[in-house]
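# Observations on chain architecture
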Amino acid sequence: MNLDRQSEAIDFVLHSAMEEDVKFIRLWFSDILGNVKGIAITVEELEDALIRGVTVDGSSIQGFARDTEWDMVLLPDPTTFRILPWRPRQNAVARMFCDIMTPQHTPFDGDPRNVLRQSVQEASRLGLQFYVGPDIEFFYFRSPEDPTPLDRGGYFDQTPGDVATDLRRETVLNLSEIGIPVKSSHHEGAPGQHEVDLQHTDALTMADNVMTARLVIKEVALSHGLYATFMPKPISTVNGSGMHVHMSLFRGGENAFYDPDDPIKFSRLARQFMAGLLRHAPEICIVTNQWVNSYKRLVAGYEAPVYVSWASLNSADLVRVPSFKQGREESVRLEYRAPDPACNPYLAFSALLTAGLMGIRGEYDLPPQVESNVFEMSERERAERGIQSLPGSLLEAIHRAEESECLRLALGDRVVDTLLTNKRIEWERYHTHVTDYEIREYLPQL
């Protein structure tokens, strides 16, 4: 942002804060694991914060892998100033997302938001704009201590007196008020499971929107004495929660994925982008599916991808190309189905974009689409077709990520090394933990 536009944006924020009776401003940023972190300032400190930033402990960005304290500066992005609608209107509360800067006011290479901005700029150098639209799935439970689903509904169910319907309605209204348009919302396949689909926009704005939406969903549930969770697989016997990411590239206002002469209206560039996603999918799982629990979702039989394949219809595949609607050239896109809603959206979008751009630059060949159900194939048949598997555990994902050039390009060395340190710590904690299953299964007989 140039100095004149920056000054105008700051003036707009200061004026809006006065007009809306804002007393507190929450300065939000993301840690390496995708958790919202933040600090609250009063309106009296707002102008100084917008110009000079606010100093914080940089080790808070590291997730589990914290070390000694070191200073970083939060510099608020004035374009993200929004009033929080679930807070009182008198002495109102606003929020802004922040970029994390060094004390010398240069971008910090460990800031997830900066990581995505760099990837978006890389696409821009090719004349491309990256748009995403995620479908966010989650569960409503009675409480974290009582993970009883709030309802017994299934896909698209509408039942009288359904509390969850009211929760979704309130969530959509709050998101709309904060400037995040929702395309649709509905009940998902499992009891207590629901979905909110965000209207597509540019990747950096969408990552901010995902961070905000997750917090809004939780805040609305808590205001009713309930609990919303984005845990990928909270119930072993039903579907887990995914975050299917719809993606497209635009060039000069036109959809670069659209080709009117292709049978499925998919351009050569789109096919190369998809080929990049497929080739690098196993190594970027550490970002799109970063938790031990993520790999309890990525198993056969629960509508989640396991194998690296694509199709224009079958929802069992990793990548799906939605059917083309005549006159809707702008809607041509692909749907990447692996990510879960507990990922860091900044890092996930960056990894997905980089993998796709590697496919374009390297002119990767797209393998044939799978026209039958990939789960019904024999292991030998999948091998003959060159269909590989996604990692089956966090440990396998770590090993696939360790030698990944794609991840290094997408996230930078600092973020990759910090993320891998975090994930090794998580795996070690899980690996050495004696579970309730083991006590139940083995203690009575051993």
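Since the structure is predicted, the reported quantities are computational estimates derived from the model, not experimental observations. (Residues numbered from 1 in each chain as written. Predicted model: local features only at pLDDT ≥ 70, side-chain atom pairs only at ≥ 80, totals over all residues. Heavy atoms only, no water.)

### Thoughts on the overall build of the protein
- When helices and strands are counted, the protein shows 13 helices and 16 strands.
- Considering only contacts in the protein between residues 6 or more positions apart, those separated by 24 or more positions represent 71%.
- Looking at charge distribution, the protein has the averaged site of its 44 positive side-chain charges lying 2 Å from that of its 65 negative ones. (Helix = DSSP H or I, 4+ residues; strand = E, 2+ residues; numbered from the N terminus. Contact = heavy atoms within 4.5 Å. Lys, Arg positive; Asp, Glu negative; His and termini not counted. Charge placed at Lys NZ, Arg CZ, Asp CG, Glu CD.)

### Notes on the packing of aromatic side chains
- This structure, assessed with the given rule, holds eleven aromatic pairs.
- Where Trp28 meets Phe97, the ring centres are 5.6 Å apart and the plane angle is 80°; that geometry is what we call edge-to-face. Of the two residues, Trp28 is situated in strand 1 (residues 22–30) and Phe97 in strand 6 (residues 92–101); the sequence distance between them amounts to 69 residues.
- Looking at Trp28, the relative accessible area reads 3%, which means it is buried.
- A relative accessible area of 1% places Phe97 in the buried class.
- By the ring-pair criterion, three or more aromatic residues cluster together here, those being Phe130, Phe257, Phe266 and Phe273.
- When the ring centre of Tyr302 is taken as origin, the NZ or CZ atom of Lys233, which lies over that ring, is 3.6 Å away.
- Above the face of the Tyr364 ring, Arg279 is positioned so that its terminal group lies 3.6 Å from the ring centre. (Phe/Tyr/Trp six-rings, centres within 6.5 Å; stacked < 30°, edge-to-face > 60°. Buried < 20%, exposed > 50% of the residue type's maximum accessible area, 1.4 Å probe, protein only. Lys NZ or Arg CZ within 6 Å of the ring centre and 35° of its normal.)

### A short note on the environment of Ala281
- Looking at the element boundaries, Ala281 is found in helix 6 (residues 268–288).
- Note on Ala281: relative accessible area 0%, which makes it buried.
- A C-alpha to C-alpha distance of 8.8 Å links Ala281 and Ala338, two positions 57 residues apart in sequence.
- Once residues lying within four places of it in the same chain are set aside, the contact partners of Ala281 are Val308, Leu318, Tyr336 and Leu390.

### Regarding the packing of helix 4 (residues 163–177) against helix 5 (residues 203–223)
- Between helix 4 and helix 5, the least distance of the axes is 9 Å, while the angle of their chain directions is 135°. Relative to helix 5, helix 4 is oriented oblique. Here helix 4 runs over helix 5; the crossing is right-handed. Between helix 4, through Leu167, Glu170, Thr171, Asn174 and Leu175, and helix 5, the contact on the second element is made entirely by Ala213, Val216, Ile217, Val220 and Ser223. (Axes fitted to C-alpha atoms, helices over the stretch in contact; angles between N-to-C directions. Parallel < 35°, antiparallel > 145°, perpendicular 65-115°, else oblique. Left-handed = near helix turned anticlockwise from the far one by under 90°.)

### Notes on the pattern of salt bridges
- Taken as a whole, this structure holds 19 salt bridges when the rule is applied.
- Arg320 is the salt-bridge partner of Glu335, the closest N and O atoms lying 2.7 Å from each other. Placement of the pair is Glu335 in strand 16 (residues 334–336) and Arg320 in strand 15 (residues 319–320), with a sequence separation of 15 residues.
- Among the ionic pairs, Arg385 bridges to Glu381, the shortest N-O distance being 3.3 Å.
- One salt-bridge network, in which partners are shared between bridges, spans Asp77, Asp99, Arg113, Arg117 and Asp208. (Salt bridge = Lys/Arg side-chain N within 4 Å of Asp/Glu carboxyl O.)

### Some remarks on the environment of Trp28
- In sequence terms Trp28 and Met211 are 183 residues apart; their C-alpha atoms lie 9.7 Å from each other.
- Non-local contacts of Trp28, meaning those with residues more than four positions away in its chain, are made with Val36, Lys37, Gly38, Leu84, Arg95, Met96, Phe97, Cys98, Thr212 and Leu215.

### Re helix 8 (residues 345–361)
- In this model helix 8 runs 24 Å from its N-terminal to its C-terminal C-alpha over 17 residues, within 8% of the 24 Å that 1.5 Å per residue would give.
- With 16 of 17 residues buried, helix 8 is to be regarded as a mostly interior element.
- The N-cap of helix 8, judged by a side-chain oxygen 3.0 Å from the amide nitrogen of Tyr346 a few residues on, is Asn344.
- Looking one or two residues past helix 8, Glu363 carries a phi angle of roughly 50°, positive in sign. (Expected span 1.5 Å × (residues − 1). Polar contact = N/O pair within 3.5 Å; in protein donor to acceptor, adjacent residues only side chain to side chain.)

### A word on the pairing of strand 2 (residues 36–42)
- Taken together, the seven bridges between strand 1 and strand 2 define a ladder with antiparallel strand orientation. What sits directly across from Phe24, in strand 2, is Thr42.
- Hairpin connection between strand 1 and strand 2: a loop of five residues separates the two successive antiparallel strands, and Gly34 in this loop has a positive phi of roughly 90°. (Pairing = 2+ DSSP bridges.)

### With respect to the confidence of the model for the protein
- Here the protein averages 91 in pLDDT, while 96% of its residues score no lower than 70.
- Per-residue pLDDT, averaged within each element of the protein, yields its smallest value for helix 1 (residues 3–19) (83) and its largest for helix 8 (98). (pLDDT = per-residue confidence, 0-100.)

### A word on a nonpolar patch on the surface
- Side chains of Val434, Ile439 and Leu443 sit close together on the surface and give an oily, nonpolar patch of about 290 Å² of accessible area.
- Position of Ile439 relative to the elements: it lies in helix 13 (residues 436–442). (Patch = residues over 30% accessible without salt bridge, like charges linked within 9 Å, V, L, I, M, F, W, Y side chains within 5 Å. Areas by Shrake-Rupley, 256 points an atom, 1.4 Å probe, with all protein chains shown as cover.)

### Structural notes on the packing of helix 10 (residues 394–402) against helix 12 (residues 413–431)
- With their axes 10 Å apart at the nearest point, helix 10 and helix 12 run at an angle of 155° to one another. Regarding the angle of helix 10 to helix 12, the classification is roughly antiparallel. The hand of the helix 10/helix 12 crossing is left-handed. For the pair helix 10 and helix 12, the contacting residues are Leu394, Leu395, Ile398, Ala401 and Glu402 in the first and Leu420, Lys423, Arg424, Glu426 and Trp427 in the second.
- A per-class count over the contact of helix 10 with helix 12 returns six nonpolar, no polar and four charged. (Nonpolar A, V, L, I, M, F, W, Y, C, P; charged D, E, K, R; others polar.)

### Examining the side chain of Thr288
- Inspection of the secondary structure puts Thr288 in helix 6.
- The class for Thr288 is buried, based on a relative accessible area of 0%.
- At 2.6 Å, the side chain of Thr288 and the side chain of Asn289 are in polar contact.
- With residues up to four places along the chain from it excluded, the contact list for Thr288 reads Pro339, Asp340, Cys343, Ala348 and Leu352.

### Structural notes on the side chain of Asp197
- Considering the arrangement of structural elements, one finds Asp197 in strand 9 (residues 193–198).
- It turns out Asp197 is buried and unbridged, and the closest side chain with the opposite charge, Lys183, is 5.5 Å from it.
- Setting aside residues no more than four positions away along its own chain, Asp197 makes contact with Pro134, Asp135, Ile136, Val182, Lys183, Ser184 and His186.

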